[in-house]
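Here is what each chain is made of, one letter per residue.
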Amino acid sequence: MVTPVIVRQRGEADIDACVEMALAVHERDGYPLYLPTDLHAFVVSADAFAAWVAERSGEILGHVALHRRSAAPILAVAGKVLRQPPSRLGVVARLFVSPSARRS
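Parameters and conventions
- Residues numbered from 1 in each chain as written.
- Predicted model: local features only at pLDDT ≥ 70, side-chain atom pairs only at ≥ 80, totals over all residues.
- Heavy atoms only, no water.
- Helix = DSSP H or I, 4+ residues; strand = E, 2+ residues; numbered from the N terminus.
- Pairing = 2+ DSSP bridges.
- Axes fitted to C-alpha atoms, helices over the stretch in contact; angles between N-to-C directions.
- Expected span 1.5 Å × (residues − 1).
- Contact = heavy atoms within 4.5 Å.
- Salt bridge = Lys/Arg side-chain N within 4 Å of Asp/Glu carboxyl O.
- Buried < 20%, exposed > 50% of the residue type's maximum accessible area, 1.4 Å probe, protein only.

### A few points about the environment of alanine 54
And then number 1: Relative to the helices and strands, alanine 54 is located in strand 2 (residues 48–56).
And then number 2: Sequence spacing of alanine 54 and isoleucine 6 is 48 residues, and the spatial spacing of their C-alpha atoms is 5.5 Å.

And the structure:
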C-alpha cells in the first residue's frame, strides 16, 4: 500500500528540511536562479500570506507559498487580465519539490 502525500500548512519544525530541499533543488535545477546568501530568509519570506508543505511518512517532499506581491509589471498584467487591482492578487512563490520525490 502506498502511503499518501499530505499537504498541510508549513510549521516552524519544517523549515530546516525546506531549506535543505531548496539547496538540493538549486544544485540540480538552478532554482532559485541566484542563490540567496540567507536561504532561510528566502524560504521564510515576510511577504508570504501562507506556506504549505507536502509530506509523506514525516518526510517533507515539497513546498509552496502564496506571496502578497511580485514584480510590478507582472502584477499589472495579471490585474488587467483578471480585472482586479494588484492589491487583491496573490502570487504562487517558492514552489519546489525534492528531486528524490519527483514523479512519485
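### A look at the sheet that holds strand 4 (residues 91–97)
And then number 1: Read from one edge of the open sheet, 4 strands run 1-2-3-4, paired in antiparallel fashion. Each end of this open sheet is capped by a strand with a single partner; those strands are strand 1 (6–9) and strand 4. Along the sheet, successive strands turn relative to each other by an average axial angle of 20 degrees, direction set aside.
And then number 2: Taken together, the 8 bridges between strand 2 and strand 3 (residues 59–67) define a ladder with antiparallel strand orientation. Within the sheet, the bridge partner assigned to alanine 54 lies in strand 3 and is glycine 62.

### Digging into helix 1 (residues 15–29)
Count 3.6 residues to each turn of an α-helix, and residues three or four apart come out pointing the same way.
And then number 1: When the terminal C-alpha atoms of helix 1 are compared, their 20 Å separation across 15 residues agrees well with the 21 Å that a helix rising 1.5 Å per residue should span.
And then number 2: The secondary structure elements touched by the buried residues of helix 1 are helix 2 (39–43), strand 2, strand 3 and strand 4.
And then number 3: Of the residues flanking the end of helix 1, it is glycine 30, one or two places downstream, whose phi is positive at about 80 degrees.

### Concerning the pattern of salt bridges
And then number 1: Inspection of every chain in the model, using the stated rule, returns 5 salt bridges.
And then number 2: Across the salt bridge formed by aspartate 14 and arginine 8, the nearest N and O atoms sit 2.7 Å from each other.
And then number 3: Residue classification places arginine 8 among the partly exposed positions, given a relative accessible area of 27%.
And then number 4: Its salt-bridge partner being arginine 8, residue glutamate 55 comes within 2.3 Å of it at the nearest N-O pair. Of this pair, glutamate 55 sits in strand 2 while arginine 8 sits in strand 1, and the two are 47 residues apart along the sequence.
And then number 5: Overall, glutamate 55 belongs to the buried group, its relative accessible area being 14%.
And then number 6: Each member of the salt-bridge network shares a partner with another, and the members are Arg8, Asp14 and Glu55.

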